[in-house]
Amino acid sequence: MAIINRTPDSFYDKGATWAADAAFDRVAQVVDQGADLVDIGGIKAAPGAEIDVEEESRRVVDFVARVRSAYPDLVISVDTWRAEVGRRVCAAGADLLNDAWGGADPALAEVAAEHDVAMVCTHTNSVTPRTRPHRIEYDDVVAAAVESTVGQAERAVALGVDRQRLLIDPAHDFGKNSFHSVELTRRLDELVGTGWPVLVSLSNKDFVGESLDRPVNERLIGTLATTAISAWHGAHVYRVHEVAETRQVLDMVSVIAGERPLARAVRGVS
């Protein structure tokens, strides 16, 4: 799942895909690099300028329609917690609603059911969207993530969302400190063990930076190491900035796991 930021102030790309044409060129690039999904977002996760429903919609709705027209078979996700924005992007052709703030707007699941689209259910410990965690504590962060995400998924099913179109996301860094995010990675198999497909959003996050004492632009290696471990534990979808590098990591883990053949085999056999 490749990240497409329709924002001027994202923490990683600093607005590189703020302009619509630049964002569209980015879609072409990541598809060529092996992305199976694109995740389009109109608001950065961190605190910042207030972005209302109309401005968020202006940033993403027409763009979703443009991508849908150009890539009829591409899975288009939209990163939003607002039901009204979700309703508009679904009408424009979105396939998936990535609720990064864990049900902050409960009506978003109703929109997913209404439009028969997929949805990501995340664990954020009910923090207010676009706020940073402060002295967050858990008795067991993994148990909390399982309880929250599975509960959201079951509620979505009860509302009419197809069970096969739901994913759960422990939401590294969201409502968590770095110790929590590392623990979630170490025990990710417990989320996979719920039977719900697991999405992980690891790319260049603060827990990687704090683990290695690296700034945002030097977190690729740590991100890829975390990706490999998550893949070994059985995660299904990876929300990333660096698509080509992630694709190679996932393919390599699949080869080691016996799920994918070697791309070529000549050493010692020919």
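Residues numbered from 1 in each chain as written. Predicted model: local features only at pLDDT ≥ 70, side-chain atom pairs only at ≥ 80, totals over all residues. Heavy atoms only, no water.

**Student:** Can you help me understand the environment of T226 in this one?
**Tutor:** For T226, the location among the structural elements is in helix α9 (residues 220-233). The spacing of T226 and R6 is 220 residues in sequence and 26 Å in space, taken between C-alpha atoms. If near-sequence neighbours (up to four positions away) are discounted, T226 is found in contact with T185, L202, F207 and V208. A polar contact of 2.8 Å, which involves the side chain of T226, links it to the backbone oxygen of G222. (Helix = DSSP H or I, 4+ residues; strand = E, 2+ residues; numbered from the N terminus. Contact = heavy atoms within 4.5 Å. Polar contact = N/O pair within 3.5 Å; in protein donor to acceptor, adjacent residues only side chain to side chain.)

**Student:** I'm lost on the sheet that holds strand β3 (residues 75-79) in this one. Help?
**Tutor:** The pairing of strands in a sheet comes from backbone hydrogen bonds and takes either a parallel or an antiparallel form. Across the sheet, six strands lie side by side as β1-β2-β3-β4-β5-β6; this open sheet has parallel pairing. Each edge of the open sheet carries a strand with a single partner, namely β1 (2-5) and β6 (166-169). Mean inter-strand twist for the sheet, computed between neighbouring axes without regard to direction, equals 25°. Two strands pair when backbone bridges link them, and strand β4 (residues 96-99) and strand β5 (residues 118-122) are joined in this way by four bridges, in the parallel orientation. Following the sheet pairing, N98 is matched in β5 by V120. (Pairing = 2+ DSSP bridges. Axes fitted to C-alpha atoms, helices over the stretch in contact; angles between N-to-C directions.)

**Student:** How should I be thinking about the UniProt feature "domain: Pterin-binding" (unreviewed entry) in the protein in this particular structure?
**Tutor:** Residues given the UniProt feature "domain: Pterin-binding" (unreviewed entry) here are residues 1-251. Secondary structure content for residues 1-251 is 45% helix and 13% strand, while the C-alpha to C-alpha distance between its ends is 15 Å. (UniProt positions renumbered as here; feature names shortened; annotations may be inferred.)

**Student:** In this structure, what is going on with the pairing of β6? I would like to understand it.
**Tutor:** Along a regular strand, successive side chains alternate from one face of the sheet to the other. Of the two faces of β6, the one holding L166 and I168 and the one holding L167 and D169 are both buried throughout. Note: β5 against β6, four bridges, orientation parallel. From the neighbouring strand, C121 faces β6, where its bridge partner is I168. In this fold, the crossover linking β5 to β6 by way of helix α5 (residues 141-159) has right-handed handedness. (Buried < 20%, exposed > 50% of the residue type's maximum accessible area, 1.4 Å probe, protein only. Right-handed = clockwise from strand over helix to strand, strands pointing away.)

**Student:** It is not clear to me how the nonpolar core should be interpreted in this structure. Could you clarify?
**Tutor:** Nonpolar side chains tend to gather and get buried jointly when the protein is soluble and globular. Grouped together as the largest cluster of nonpolar side chains are 67 residues, with contacts concentrated most on V38 and V89. Apart from residues no more than four positions distant in its own chain, V38 is found in contact with A2, I4, V27, V30, L74, V75, I76 and S77. (Core = buried A, V, L, I, M, F, W, Y, C linked by side-chain atoms within 4.5 Å.)

**Student:** Help me understand the pairing of strand β2 (residues 37-41) in this model?
**Tutor:** For β2, the buried fraction is high: five of the five residues fall into the buried class. Burial along β2 is two-sided: the residues L37, D39 and G41 and V38 and I40 are all buried. Note that β1 and β2 share four bridges and pair parallel. Within the sheet, the bridge partner assigned to A2 lies in β2 and is V38. Regarding the hand of the β-α-β motif, the stretch spanning β1, helix α1 (residues 20-33) and β2 is right-handed. Pairing analysis gives five bridges linking β2 to β3, with the strands arranged parallel. Note that in β3 the partner of I40 across the bridge is V78. Each parallel crossover has a hand, and for β2 linked through helix α2 (residues 53-70) to β3 it is right-handed.

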